[in-house]
Structure formats: structure tokens, C-alpha cells
Amino acid sequence: MPNSIKSIRTIALVGQAGSGKTTLAECLLAKAGAVHAAGSVERGTTVCDYAPGEKQLGHSLKLAVASFDAKDGDEPIRVHLLDTPGYPDFAGHAFPALAAVETAAIVINAQNGIEMMTGRFMQYAQKRGLDRMIIVNKIDGMNVDCADLLDRIQQTFGKECLPLNLPAGNRTKVSDCFFAPSGEADFSSVEEAHRRLVEQVVEVDENLTEKYLEKGEVTPEELHEPLEQAMREGHLIPVVFTSARTGAGISELLEVIVKLLANPTEGNPPVYVSTPTGIDGDIKDITAIPDPGKHALAHVFKIETDPYIGRIAVFRVHQGRLTPNMQLYIGEGRKPIRPGHLYVLRGKTQTEVQEAIPGDICAIARIEEIQFDQILHDSPVEAHLHARPLELPTSVFGLAVVPKKRGDEQKVSDVLHKMAAEDPCFRIEHNAQTNETVMRGLGEMHLKTILDKMASQYKIELDTHPPSVPFRETIGSKADGHSRHKKQTGGAGQFGEVFLKVEPLPRGKGFEFVNAVKGGTIPSQYIPSVEKGVRNVLQNGFVAGFPLQDVRVIVYDGKSHPVDSKDVAFMSAGRKAFLDALAKARPIVLEPIVNVEIVTPEEKMGDIAGELSAHRGQIRGSDSPRPGVLQISAQAPLSELEQFPARLKSITAGRGSYSLEFSHYEPAPALLQQKLQAAHRPQAEAE
């Protein structure tokens, strides 16, 4: 491991599936001498796609780390390279990579151009304050127009997207536009590209701008620091051209990584959130300092379960120094751990190291308590620190599952929870109303992959069917509620009386309970019982049996008895007062609305529009990432999309794809509300 933080580079390869990220990683490993020869995705011999499912399908399913050593002149450089899946269904394995690096390299397939995930990764990286670069890969492909693609990149993402090199020799090599700008290019002029690059960079440094205007030139060495600043501020997004298949531009890309990309002291430092537990504590942003002498802070951004060695936690060190057997704490846990070993990863290969410093990406194994997104630290006073939340898509695509083999229920539950620990976008729910166990993910492919893994790795077979739609209930107006609970049983009685108000909250705000009792009319020790009674209603709803949300309950008055008042009395009074208020507050059923992104052949636009319209969907916009292909953005009720995957496959002859993302809840149409209420009525009457 390098002793200097400045000798570390961290970079995540992100982008649409099919852009060649895994093959690009292989080429970089081979060029640096980390592997004897680049592996092949088709033959299943790559470092990063090592899982059986990845080898079988021929594409990445999860985030992989491939650390290797390179050189900047005589100086050793440690590169932590992260390879990510590109299908929207596996975003839960891709987006966390951006919490672990200084630089996001968005890889674009030169044949396909700017695709759906390209823009999402650009926006996500920008939001997290990362340095960004664009790698245009597969420049050797048929009918590739690199000049047109560069124009479209600049139109889409801004004039700050400037080439560090340009295709040359009819796309068989690249010409440098930064270090030695003297070659020829297939289009444009290397000299002109160099001039634009320099002028863009010097804009962030007044002194350098003056020198450039006086002399007309500055050296690459003088440009290094302002180039780092320009990338940090988003004032420059370098573009490089490569072909992982032919090797064109690979040496130049490796040179860019070791010579130009930010080290941990140069990128925008990660922000931690301080959430003190005290009443007066304020939530604050804390910036991690890349200093080995400070308290250790590391963020767990990947969990993997190995069938032989158990849980592997992969983390990025942001502050301090980690060593084997040092005492560490996990998040808010008070019980310390002592990891016996630290590993650097290259795919499934683990190499033991004796320390990890800021910028390093390492792993520890066999500590089952560690969860995704937790913080490792060496001081109990840091227990209140959390990583800035990752903005991951909401899992809305669901399948209800039942074990095929009787008696496998506990085994299935254990394995599902192992899967959920590895994948932040995979959730398990149990619907008490329907007694369904539902697995939720980002799409059909996402859940199919998990089912296949359960079958092959854990020998578990499941029957599946569409789950009940996660409808919700809320109220449409304010109302008052009252209940007096009085029970005399011969001995001590029960008494509690509650007056409360309900009012709707803005959509998505959940539930609020407000204690506005004055003068002790309800003694303070009984307020939690009132709240418990109210919360008992939330889960089962009022009109159709669905959970209630976006409701504020204000308890403002009541009565008690010095002898007969008990917790159970106020719990019952709170519940019945809430039900009384709900009956007057215009209760309504809400249905989930999802964002639908569809990629389809252009000639199928009319059929897709008709299909969406027939199921209450609305098209919000469309784009053409490449000739002959349309990318449609729409919104539709989730309840209407049960047959959509099969219909899309039929309409487009298998050439269409889609992704779903939860958007919001809105009132269901009157007919649907009546149908849901009618279906629930017999059950409610039986209870």
C-alpha cells in the first residue's frame, strides 16, 4: 500500500449497460501489469464479473472493486477502480460506488450515444460534488461518428465537456490534446482542442490567466492544480476516447488516471452528518479530513455474502488510519470490534494489507453486525456521525413469494434477509392484511436475478405471483374526535376520555402525533397510551384496510379518574376517538404513481402511447438518444402495470426495455375506491 495519500486514485466506472465498463477495467488492469492478459466477458474470465450469474448472463450484476498499482514516472500509484452494473434494475449496486470515489467516469458506448443511464449518472455525480470525466468507448464500432457524438455531449452536458484526446488514424488510436498536443486527429484540430482546454482551465486562476494572455502558453505542470480545481468545481469535464476491444486510447486513459485525476486531498471532501441524541443537539454537516493522524472514519458502501467466509464489508477510509486488530465501533453501536485482517480487493481476490489510510478502499470479513451504509470509527464520541444519505431509487416492482417446499419458511426468510443486506434496493415486506411475503426491487430483471441466485446458491425454489398493490389511505379534511372508555367490573374499573383533532398533512409527510393537552386533564403518563391507541389504527386503515399516512393527530383535552384510569383505558379511548374523527374527515384511498422510463424502437411510439393511455398513464416527454430509438418518460398508476412488461415485450418484439421508480401517491379514482372499499367490507364486518 502507498504511504502517501497523494499517491491514491479512486475512480468509478459508471454508465449504461453495454458501454464496455468491465472490459475497460480489464484493459486497465492488463496495461498496468496487474493481470497477465485482459479477460473476456464472453468467456467469463474477467476480474470484475466473477459471480456465476454474471458469467452466465454476460453482464455485471453488482459493484466490484479492482485495486491495482501503476506508476507516475517513478512514483508508485495505487488505483482503486470500481466497476458497476449499468442496467437500471441494478442501480442499488451502482450508485453506492459514487460515495467511495473522487472521480466518476461516465462511460458512453460510441455506437449508442447518450443513453438513459448516462444522464442519471452525470446528475448523481454532480449532486455529490464529484469530479466527472467522460470515457467514449467502442470508438472502433461500425457507423461511429465521434465528432457528432462529442457535439451532442457538449449540447447535453455543457461546453465544459472538452476532449483530452481525439480519435486518430481512422479511430485506431488517439492523439493527445493535453500533455503533447502535436498530433493529427480524425476530426477537429489537436491544436485547437488544446487551446480550448487551456483557456477553460486557466479561467479558475487569475494569475495563470494573465500569464497565458501574455505568453500564449502554459505548461502541463502549471495547469495541474487549476485543472484539479476546474474539475472539482464542475468547470471542466474531460472527455477521452477509447476502444477496449482494440486497445486504442487505453495507455492514454491510464496516464490520465495517474497524472490528472484527483487524489483524496484534491477532491471535494465527503460530508458526514452529525445527529446528536440530546434534546438540544442540532444536526450539522461535518467534513471528513483526509489526515491519517485524526480519528478514523470509514464508510461501508458494499456488503457481500461469501458462502465460505460469510459477510464481507467493503469500505472507503475518509479520515484516520485503520490497522488489523485495532478497536473499531460500528455506527451507533457501543460494543467494539477488532477486525483480524484488512484486505485490498481485486475482484474476488483478497490481498491482506497492514494499514488503510484516507483514500483506500478495503474490506473486512466475518463480522456479521456490519450493515450497508454504516460508519466504522475508533472513538465512541463519533457514534452520532452518519454518512450523507445515498439517494437511491425506491423499489416498487414486487413479487409475492411462497416456498415450493413445505417447511422451508424459516430458511427462505433467512436467505431473503441475506439478499437484502447485500442490496440496498431490495426489500422484504410482510403484508399482514393479505398474509403475503413480498420481495420488492427495481424491476423484473432485478428480482429474477435474486430468484436465480437463491435457486443456484441456496437451493431454494419459490412460487411467485403479483402482490397486492401498496395502496394507502389518508383524509381530505379536518375533523374532531371524542371517546370515553368506561368499564366497571365489580372491582377496580377502567376510565379514560380523549378529545382530539385530525388534519391532513402534505403528501409524503407520514404521520404526526401532537400532545396539546393543557392543565393535566390527561395525566402525562397516559399520553403514550393514547398515542399507542392511535397508532393501532394507522396500520389497518379505516375505509379499505390500507395503512394511513399524511395525517396529523392533535390530542387537546380529556378526563381521567384518580382510581380507575389505566393505560389500557386511554389506549382504547385514543383508538376510538381517532376512528370517530376519521369517519368525519373524508377518508380516501391513495394509489402509488410511478415514473416509467421506456426505451423503444421509434416506429413503436404510437403503440406504446396507446398502451400507456389505456392504463391511465401519461407521457411526460421523449428523447432520441440515437437514430431509430426513442426514450419515453411517463407516469402511471402501479396498479395498472401488472401486465406491462409482457405487453412491452410483445409490442417491441423484445427490443424494448423499461424501468420503474416510485414518484408519489395520489387519490385513486372514485370507481376504484368504491371497489376497494367493497372488497374490504366483509372482512371488516367479520372482525
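This report concerns the structure included in the present document. In this text the structure is predicted, and so the values were computed from the model without any measurement.

Bringing the overall build of the protein chain into the picture now. A tally of regular secondary structure across the protein chain gives 16 helices and 32 strands. The C-alpha radius of gyration computed for the protein chain amounts to 29 Å, which stays within 12% of the reference 26 Å derived for 687 residues, consistent with globular compactness. Along the first, second and third principal axes, the C-alpha atoms of the protein chain reach 100 × 60 × 55 Å. Counting every position in the protein chain, which comprises 687 residues, the buried fraction comes to 53%. Contacts in the protein chain between residues far apart in sequence, at least 24 positions, make up 72% of those at least 6 positions apart.

The α-helix winds at 3.6 residues per turn, so residues separated by three or four positions along the chain end up facing the same way. With 18 residues, helix 13 (residues 567–584) extends 26 Å between its outermost C-alpha atoms, agreeing within 8% with the 26 Å of an ideal straight helix rising 1.5 Å per residue. Listed as buried for helix 13 are Ala569, Phe570, Ser572, Ala573, Gly574, Ala577, Phe578, Ala581 and Leu582. Those residues of helix 13 hidden inside the fold are in contact with strand 24 (472–475), strand 25 (479–487), strand 26 (494–504), helix 12 (527–540), strand 28 (551–559) and strand 29 (587–601). Looking at the residues trailing helix 13, positive phi occurs at Arg586, about 55 degrees.

As a further point, take unusual backbone geometry. Its identity is not glycine, yet Asp550 carries a phi of approximately 60 degrees, on the positive side. With respect to the element layout, Asp550 can be found in the loop between helix 12 and strand 28. The backbone of Arg616 sits at a positive phi, close to 60 degrees, despite the residue not being glycine. Summarising the element assignment, Arg616 is placed in the loop between helix 14 (605–614) and strand 30 (618–626). For Arg616, a relative accessible area of 34% corresponds to the partly exposed category.

Leu82, Ile134, Phe315, Leu322 and Ile370 are the most contacted members of the largest nonpolar core, which has 76 residues in total. Contacts of Leu82, omitting those with residues within four sequence positions, involve Ile11, Ala12, Leu13, Leu63, Ala64, Val65, Ala97, Ala100, Val101, Phe301 and Ile361.

Within the secondary structure layout, His485 lies in strand 25. A polar atom in the side chain of His485 sits 2.9 Å from the side chain of Gln494. For His485, the side chain forms a polar contact with the side chain of Ser572, separated by 3.2 Å. With sequence-adjacent residues up to four places away left out, His485 is seen in contact with Gln494, Phe495, Gly496, Ala569, Ser572, Ala573 and Lys576.

Moving on to the sheet that holds strand 22 (residues 436–441). Strand order in the open sheet made by the four strands is 21-22-20-23, with antiparallel pairing throughout. In this open sheet, the two edge strands, each paired with only one partner strand, are strand 21 (427–431) and strand 23 (462–465). Between one strand axis and the next, the sheet turns through 35 degrees on average, direction left out of account. Taken together, the five bridges between strand 21 and strand 22 define a ladder with antiparallel strand orientation. Looking at the pairing, Arg427 lines up with Arg440 of strand 22.

The subject of this paragraph is the pairing of strand 15 (residues 342–346). Counting buried positions along strand 15 gives four out of five residues, so the element sits mostly inside the fold. In this structure, strand 15 lies alongside strand 16 (residues 349–353), joined through five bridges in antiparallel fashion. The residue bridging Leu345 from the neighbouring strand is Gln350, located in strand 16. Where strand 15 folds back onto strand 16 in an antiparallel hairpin, the turn is made up of two residues, including Gly347, whose phi is positive at roughly 65 degrees.

Our focus in this paragraph is the pattern of salt bridges. A complete count under the given rule lists 29 salt bridges for this structure. Measuring nitrogen to oxygen at the nearest pair gives 2.7 Å for the salt bridge that ties Asp140 to Arg245. Here Asp140 is found in the loop between strand 5 (131–137) and helix 5 (146–157), whereas its partner Arg245 is found in the loop between strand 9 (237–241) and helix 9 (250–259), with 105 residues between them in sequence. Note on Arg245: relative accessible area 69%, which makes it exposed. Within the structure, one salt-bridge network assembled from shared partners comprises Glu192, Arg195, Arg196 and Glu199.

Here we come to helix 14. Those residues of helix 14 not exposed but buried are Ile608, Glu611 and Leu612. All buried residues of helix 14 project into a common sector of 95 degrees when viewed along the axis, lining one side. Relative to its buried face, helix 14 has exposed residues pointing more than 90 degrees away, namely Gly606, Ser613 and Ala614. In the segment just after helix 14, Arg616 is the residue with positive phi, at about 60 degrees.

Here the focus is the packing of aromatic side chains. Counted by the stated rule, this structure contains nine aromatic pairs. Taking the centre distance of 6.5 Å and the plane angle of 80 degrees together, the rings of Phe187 and Phe241 count as edge-to-face. Within this pair, whereas Phe187 is found in the loop between strand 8 (173–176) and helix 6 (190–202), its partner Phe241 is found in strand 9, the two being separated by 54 residues in sequence. A single burial state applies to Phe187 and to Phe241, both of which are buried. Relative to Tyr658, the ring of Phe644 lies with its centre 5.9 Å away and its plane at 90 degrees, an arrangement referred to as edge-to-face. Of the two residues, Phe644 sits in helix 15 (residues 644–652) while Tyr658 sits in strand 32 (residues 657–667), which places them 14 residues apart along the sequence. Here the two residues Phe644 and Tyr658 agree in accessibility, since each one is buried. Through successive ring pairs, a cluster of aromatic residues spans Phe95, Phe121 and Tyr124.

Conventions adopted
Counting from 1, residues in each chain are numbered in the order their sequence is written. Local features are withheld for residues below a pLDDT of 70 in this predicted model, meaning they are given only at 70 or higher, and side-chain atom pairs are given and counted only at 80 or more; totals for whole chains, interfaces and linings count all residues. In computing side-chain properties, one takes all heavy atoms of the structure into account and sets aside hydrogens as well as water. The way it works is that DSSP assigns letters per residue, a run of H or I at least four long becomes a helix, a run of E at least two long becomes a strand, and they are numbered from the N terminus. Using C-alpha atoms as the atom set, the radius of gyration is obtained and then compared with a globule rule of 2.2 Å times the number of residues to the power 0.38. Burial classes: relative accessible area under 20% of the type maximum marks a residue as buried, over 50% as exposed, and values in between as partly exposed (1.4 Å probe, protein chains only). The contact criterion used is simple: two residues touch if any of their non-hydrogen atoms lie within 4.5 Å. Each residue after the first adds 1.5 Å to the expected span of a helix. Here the nonpolar core consists of buried residues drawn from Ala, Val, Leu, Ile, Met, Phe, Trp, Tyr and Cys, with membership extended through side-chain atoms lying within 4.5 Å. Whenever two N or O atoms come within 3.5 Å, that pair is a polar contact, provided that in protein one can donate a hydrogen and the other can accept it, and provided that, for residues adjacent in sequence, both atoms are side-chain atoms. Strands are treated as partners if at least two bridges between them are detected by DSSP. Inter-axis angles, ranging from 0 to 180 degrees, are taken between N-to-C directions of lines fitted to C-alpha atoms, where helices are fitted over the stretch in contact. A pair is scored as a salt bridge if a Lys or Arg side-chain nitrogen falls within 4 Å of a carboxyl oxygen belonging to Asp or Glu. An arc is given here, and it is the one of the directions from the helix axis to the C-beta atoms. Only centres within 6.5 Å qualify two rings of Phe, Tyr or Trp (six-membered ring in Trp) as a pair; their planes then separate them into stacked at under 30 degrees, edge-to-face at over 60, and tilted for everything else.

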